[in-house]
Amino acid sequence: DAKTTQPPSMDCAEGRAANLPCNHSTISGNEYVYWYRQIHSQGPQYIIHGLKNNETNEMASLIITEDRKSSTLILPHATLRDTAVYYCIVRVPSSYGNKLVFGAGTILRVKS
Amino acid sequence: GAVVSQHPSRVICKSGTSVKIECRSLDFQATTMFWYRQFPKQSLMLMATSNEGSKATYEQGVEKDKFLINHASLTLSTLTVTSAHPEDSSFYICSARASGAKNTGELFFGEGSRLTVL
């Protein structure tokens, strides 16, 4: 199973872009990269996912390197409400749909 | 987006009693649901995969007789913590992925259920 490595914490100024890195050097060709975040005492919230190409939605952008060994989640204009734990996850194939295994994540603190 | 609802959101029980937590997919059908547990300041730990109409698949180290999972319909999975003890106090979170044509690859999470065992 491909594992991910993320910095334990990051700070970002309000209104600036937050760039959260993730290493997944053992990712296999058919595994997707998913990003979720968890605000304190809530269930995780889906942000974005991708396989090879860069992806963008209303919440964030996902940049995946050409060799797929790392990726970066970009929150273009961080707000205080974006303070959360961000999890980078590689989808693990299993018999009954693809379960997600969470690592330690990155605590993002957005400061005014 | 799709909604997954958990009930109760908070529960306090006495040691030795059993507690049932429900996980419902409100606007989609889910053949598979997942149950996680999260202790304070730790990440989510996958406990088991719940499959509609069949037995759940438990992760290594999770006692299937203590954490009973039932997935009786395409929109409901339940987790029963049997003979709960204080060390079972935790935040329990379920998730589900839409089946069939509505499957976009996203996994939707419930709001979580905080169990406190006295």
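As shown above, the structure is provided for reference.
How each quantity is defined
- Here the residue index of a chain counts from 1 through its sequence in written order.
- Following the order in which they are written, the chains are lettered starting with A and the ligands numbered starting with 1.
- For a predicted model such as this one, the threshold for reporting local features is a pLDDT of at least 70, and the threshold for listing and counting side-chain atom pairs is 80 or more; totals across whole chains, interfaces and linings nevertheless cover every residue.
- Side-chain measures here rest on the full set of heavy atoms in the structure, leaving out hydrogens and waters.
- Only strands joined by at least two bridges in the DSSP assignment are considered to pair.
- Numbering of helices and strands runs from the N terminus, with a helix taken as a DSSP run of H or I at least four residues long and a strand as a DSSP run of E at least two residues long.
- Between N-to-C directions, angles cover 0 to 180 degrees, with each direction set by a line fitted to C-alpha atoms, over the stretch in contact for helices.
- Residue contacts are counted whenever heavy atoms from the two residues lie within 4.5 Å of one another.
- Once two parts are put together, the accessible area they lose, assessed with a 1.4 Å probe and summed over both, is termed the buried area.
- Polar here means any residue other than Ala, Val, Leu, Ile, Met, Phe, Trp, Tyr, Cys and Pro, which are nonpolar, and Asp, Glu, Lys and Arg, which are charged; Gly is therefore polar.
- Relative accessibility thresholds used throughout: buried, under 20% of the residue-type maximum; exposed, over 50%; partly exposed, between the two (1.4 Å probe, protein chains only).
- Pairing of aromatic rings covers Phe, Tyr and Trp, the last through its six-membered ring, and needs centres within 6.5 Å; plane angles under 30 degrees mean stacked, over 60 mean edge-to-face, and all others mean tilted.

Any chance you could explain the sheet that holds strand 8 (residues 76-81) of chain B here in plain terms?
The strands that make up a sheet pair up through hydrogen bonds in the backbone, lying either parallel or antiparallel. All names here are of chain B. Spatial ordering of the open sheet is given by 1-3-8-7, a layout of four strands whose pairing is antiparallel. Where the open sheet ends on each side, the last strands, each with one partner, are strand 1 (4-7) and strand 7 (67-73). Averaged over neighbouring strand pairs, the angle between their axes works out to 15 degrees when direction is ignored. One ladder, built from four bridges, connects strand 1 with strand 3 (residues 19-25); its direction is antiparallel. Following the sheet pairing, H7 is matched in strand 3 by E22.

Which parts of the structure should I look at to understand the interface of chain A and chain B?
Listed as interface residues are 19 residues of chain A and, on the opposing side, 23 residues of chain B. The junction of chain A with chain B conceals about 1600 Å² of combined surface from both sides, 54% of it contributed by carbon and sulfur atoms. Elements represented by at least two residues in the side of chain A that touches chain B include exactly strand 3 (33-38) and strand 4 (45-50) of chain A. The element best represented in the side of chain A that touches chain B is strand 3 of chain A, accounting for three residues. Looking at the side of chain A that touches chain B residue by residue, the classes come out as nine nonpolar, eight polar and two charged.

What am I meant to see in unusual backbone geometry here?
Backbone phi values are negative for most residues with the exception of glycine, while trans is the configuration of most peptide bonds. With omega at 0 degrees, the peptide bond leading from H7 of chain B into P8 of chain B counts as cis. Residue position: P8 of chain B is located in the loop between strand 1 and strand 2 (10-13). At R68 of chain A, a position not held by glycine, the phi torsion is positive, near 65 degrees. With respect to the helices and strands, the residue R68 of chain A is situated in the loop between strand 6 (61-64) and strand 7 (70-75). Within the chain, S83 of chain B stands out as a residue other than glycine whose phi angle is a positive 45 degrees. For S83 of chain B, the position within the fold is in the loop between strand 8 and strand 9 (90-96). According to the relative accessible area criterion, S83 of chain B is partly exposed, its value standing at 34%.

Would you mind going over the packing of aromatic side chains with me for this structure?
The description of an aromatic ring pair rests on the distance of the ring centres and on the angle between the ring planes. Applying the stated criterion to the full structure yields 10 aromatic pairs over all chains. Each ring, one from Y36 of chain A and one from Y46 of chain A, has its centre 5.7 Å from the other, and the planes form 75 degrees; the classification is edge-to-face. Within this pair, whereas Y36 of chain A is found in strand 3, its partner Y46 of chain A is found in strand 4, the two being separated by 10 residues in sequence. The rings of Y34, Y36, Y46, Y87 and F102 of chain A together with Y36 and F109 of chain B are connected pair by pair, giving a single aromatic cluster.

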